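# Observations on chain architecture
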Amino acid sequence: MLRIYADGVIAYDSRLPDYELLDLKVVTGLNKGGTAEFTMPPGHPAYGMFTSYKTQVLVYRDDELLFRGRALYPSDDFYNRRTITCEGERCFLRDGVMRPYIYQDDPAAIFTDIISLYNAQVEETKQFLVGTVDVTDPNDYVRLESESAEQVLDTIDKLVERVGGYIVFTTNAEGRRVINWYEATGYRSSQVIEFGENLLDFSRSQSSDLATVIIPYGAQNEETGERVTIESVNDGLDFIQDTDAVALRGVISKPVYWDDVTEPANLLRKAQQYLATSKMLITSLELSALDLSVLDKSIDTFQVGDTIRVKSKPHNVDDDFQLRERTYDLLDPSQDKVVLGKDGSM
């Protein structure tokens, strides 16, 4: 059963013939706003129901909320078939503005204050409660600043880029929307994507902002203008390298700045963590795969962030990957697509 609500009013129900849709797709992704798009024939009961940037849209499959967001704009074709494009609720954070700011605090405190400032600027229907925040920083101290105003979403993105983790939206027992900041998404799906079973199409690519040598710089001394380096705790060297990666790919150097790190030992630790991932190539799989839970409710479904086993002998793949993006074709599940990724050491 599929349903769409527009500001709480039914706009589509797969059980009602008068509400037929010609197309219905939802895209969700890690740390992305997500989209929904559906096409109505002329005469559809919800044809004129959507106000751009205001109408809130919910898409359900059975009792599972697949998408929450707002309608952006309609577009009509030659036959007056109307397509409504929507953006996910993460994009609501664009509607608040951060005035110039300086934060010097732990990540959870900064995140909570940003959301509080955002909530004070927007309508209640776009507000979020702060839920679980379990990200950590080695210093438990982050410096985040901007001399100019910016959208709240930009500030959140900068904070997540600095510290890591994933922004995830949930609903509490009272029906309020909750914004969480998780350090990791640790759920492992028991459903396997396997050649000959539910794998329909396959493509593989590799990419990375590759570096085998890191030259880290910390906070800047306001009097001298010099930055903290790691020389005093790294045998007089201002860089670190991965010997195996250099042997394989050569010297690929990259300077990295952490404006909030004031201690050389902490800067060295940050650089080591950064190098552990920057030396890696990211393997991405784009698959067409049938989610068997659509056919059998006892089977574990796929969720963005899940760890999923992929097995395909013809492609020489038998490994765990993280589901990073999912496209639901709700009227034709055989056209569902998933994008999975894995960081490889070499």
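Residues numbered from 1 in each chain as written. Predicted model: local features only at pLDDT ≥ 70, side-chain atom pairs only at ≥ 80, totals over all residues. Heavy atoms only, no water.

Here Arg143 shows up in strand S11 (residues 142–146). Side-chain polar atoms of Arg143 contact the side chain of Gln104, separated by 3.0 Å. Looking at Arg143, its side chain comes within polar contact range of the side chain of Glu145, at 2.9 Å. Sequence-distant contacts of Arg143, defined by excluding residues within four places in its chain, comprise Ile102, Tyr103, Gln104, Arg162, Asp259 and Asp260. (Helix = DSSP H or I, 4+ residues; strand = E, 2+ residues; numbered from the N terminus. Polar contact = N/O pair within 3.5 Å; in protein donor to acceptor, adjacent residues only side chain to side chain. Contact = heavy atoms within 4.5 Å.)

So, about the packing of aromatic side chains. One pass over the structure, following the stated rule, counts 10 aromatic pairs. Measuring from ring centre to ring centre gives 5.5 Å for Phe38 and Phe50, while their planes differ by 55°; the resulting arrangement is tilted. Taken as a pair, Phe38 in strand S4 (residues 35–40) and Phe50 in the loop between S4 and strand S5 (56–61) lie far apart in primary sequence, 12 residues in all. (Phe/Tyr/Trp six-rings, centres within 6.5 Å; stacked < 30°, edge-to-face > 60°.)

Turning next to the packing of helix H1 (residues 107–119) against helix H2 (residues 152–163). At a minimum axis separation of 11 Å, H1 and H2 run at an interaxial angle of 170°. Taken together, the axis directions place H1 and H2 in an arrangement best described as roughly antiparallel. In contact with Pro107, Ile110, Phe111, Ile114, Ile115 and Tyr118 of H1, H2 contributes Val152, Thr155, Ile156, Leu159 and Val163. The class makeup of the residues in the contact of H1 with H2 is 10 nonpolar, 1 polar and no charged. (Axes fitted to C-alpha atoms, helices over the stretch in contact; angles between N-to-C directions. Parallel < 35°, antiparallel > 145°, perpendicular 65-115°, else oblique. Nonpolar A, V, L, I, M, F, W, Y, C, P; charged D, E, K, R; others polar.)

Attention now moves to the confidence of the model for the protein. When the pLDDT values of the protein are averaged, the result is 90; 97% of them are 70 or greater. Highest mean pLDDT in the protein belongs to S4 (98); lowest belongs to strand S20 (residues 281–289) (73). (pLDDT = per-residue confidence, 0-100.)

We now examine the pairing of strand S7 (residues 82–88). Counting buried residues in S7 gives 7 out of 7 residues, a clear majority hidden from the surface. Neither face of S7 is exposed, since Arg82, Ile84, Cys86 and Gly88 on one face and Thr83, Thr85 and Glu87 on the opposite face are all buried. Pairing of S4 with S7 involves 6 bridges; the strand directions are antiparallel. When the sheet's bridge partners are listed, Thr35 is paired in S7 with Glu87. Here strand S6 (residues 64–76) pairs with S7 via 7 bridges, running antiparallel. (Buried < 20%, exposed > 50% of the residue type's maximum accessible area, 1.4 Å probe, protein only. Pairing = 2+ DSSP bridges.)

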